[in-house]
Amino acid sequence: MRNEMLVVEDLTLLMIDDNSGAIAGAGTLYYTLGGAVLVELGLGGHVTVDENDQGLNGLKVHAAAGNPPHDSVLRGAHERVSSRVSGVQTLLIAHAPWTTLHPADTFNDA
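Within each chain, residues carry numbers counting from 1 in the order of the written sequence. Local features in this predicted model are restricted to residues whose pLDDT is 70 or higher, and side-chain atom pairs enter the listing and the counts only when it is 80 or higher, whereas totals over whole chains, interfaces and linings include all residues. Values reported for side chains reflect all heavy atoms of the structure, with hydrogen atoms and water molecules removed beforehand.

Concerning helix 1 (residues 7–15)
One full turn of an α-helix is made of 3.6 residues, so residues set three or four places apart face in the same direction.
And step 1. Buried within helix 1 we find Val8, Glu9, Thr12 and Met15. Angularly, the buried residues of helix 1 cover 130° about the axis, an arc narrow enough to put them on a single face.
And step 2. In this description, contact between two residues means that some pair of their heavy atoms is separated by no more than 4.5 Å. Put simply, DSSP marks the helices as runs of H or I at least four residues long and the strands as runs of E at least two long, and each gets a number from the N terminus on. The elements touched by buried residues of helix 1 are helix 2 (29–43). For each residue, the accessible area found with a 1.4 Å probe, counting protein chains only, is set against the maximum for its type, and the residue is called buried under 20%, exposed over 50%, and partly exposed in between. Taking the helix axis as origin, the arc is that swept by the directions to the C-beta atoms.

In structure tokens, the structure reads:
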């Protein structure tokens, strides 16, 4: 049981318009929320980047071995990163499904 919300959860709540319930920037959520997930993975030591390992799509992201996250959203993202080393830009676009927040998978992990 975790005590704090993930960065991606905080960001999602901040993006919801109080009056309409619409999410700001809905057309580019994969960048915003995908970036938040990558930040969270990095802060938790679940992924690394090497300044010398860079491709056309930015720095290459590597999964840290033996350190899977406990949170289901982060774990899914970590598994995708583990399956193939990719550039940051590629991860944000190609792995958009890990930016989809399902209350049963995220907020109930708390």
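Details of helix 2
And step 1. Here helix 2 contains 15 residues, and its C-alpha end-to-end distance of 21 Å stays within 8% of the 21 Å for a straight helix at 1.5 Å per residue.
And step 2. Among the residues of helix 2, Leu29, Leu33, Gly34, Ala36, Val37, Leu38, Glu40 and Leu41 are the ones counted as buried.
And step 3. At the C-terminal side of helix 2, Gly45 shows a positive phi close to 75°. Expected span, for any helix, means 1.5 Å times one less than how many residues it has.

Considerations on the nonpolar core
In summary, soluble globular proteins display a tendency toward joint burial of nonpolar side chains.
And step 1. Only buried Ala, Val, Leu, Ile, Met, Phe, Trp, Tyr and Cys residues count toward a nonpolar core, and they belong to the same one when joined by side-chain atoms within 4.5 Å. In terms of nonpolar packing, the biggest core is built from 17 residues, with Val8, Val37, Leu38, Leu41 and Val61 touching the most fellow members.
And step 2. Listing elements by their share of this core, those giving two or more residues are helix 1, helix 2, helix 3 (72–83) and helix 4 (88–94).
And step 3. Residues within four places of Leu41 in sequence aside, it is in contact with His46, Val47, Pro69, Leu74, Ala77 and His78.

Let's talk about the side chain of Glu40
And step 1. Structurally, Glu40 can be placed in helix 2.
And step 2. Once you skip the residues sitting within four places of it in the chain, Glu40 turns out to touch Leu6, Val7, Val8, His46 and Leu74.

As for the packing of helix 1 against helix 2
And step 1. Axis definition: a line fitted to C-alpha atoms, over the contacting stretch in the case of helices. Angles run 0 to 180 degrees between N-to-C directions. Viewed as axis vectors pointing N to C, helix 1 and helix 2 meet at an angle of 150°, and their least axial separation amounts to 8 Å. Here helix 1 lies roughly antiparallel to helix 2, going by the angle between them. Every residue of helix 2 that contacts helix 1 at Val7, Val8, Leu11, Thr12 and Met15 is listed here: Leu29, Thr32, Leu33, Ala36, Val37 and Glu40.
And step 2. Residues of the contact of helix 1 with helix 2, tallied by class, amount to eight nonpolar, two polar and one charged. Comment on the angle field: the value is read as roughly parallel under 35 degrees, roughly antiparallel over 145, roughly perpendicular from 65 to 115, and oblique elsewhere. Note on residue categories: nonpolar means Ala, Val, Leu, Ile, Met, Phe, Trp, Tyr, Cys or Pro, charged means Asp, Glu, Lys or Arg, and polar means any other residue, Gly included.

A look at the sheet that holds strand 3 (residues 86–87)
And step 1. Across the sheet, which stays open at both edges, the three strands sit in the order 1-2-3 with antiparallel pairing between neighbours. The open sheet has two free edges, formed respectively by strand 1 (47–55) and strand 3, since each of these has just one partner strand.
And step 2. Think of it this way: DSSP has to see at least two bridges between two strands before they count as a pair. Note: strand 1 against strand 2 (residues 58–63), five bridges, orientation antiparallel. Across the sheet, Gln54 pairs through a bridge with Leu59, a residue of strand 2.

Some points on the confidence of the model for the chain
And step 1. In the predicted model, the chain carries a mean pLDDT of 80, and the fraction of residues at 70 or more is 82%.
And step 2. Per residue, pLDDT captures the predictor's confidence, and it can take any value from 0 to 100. Low pLDDT, under 50, characterises residues 97–110; the predicted model gives this stretch 31 contacts beyond four residues in sequence or across chains.

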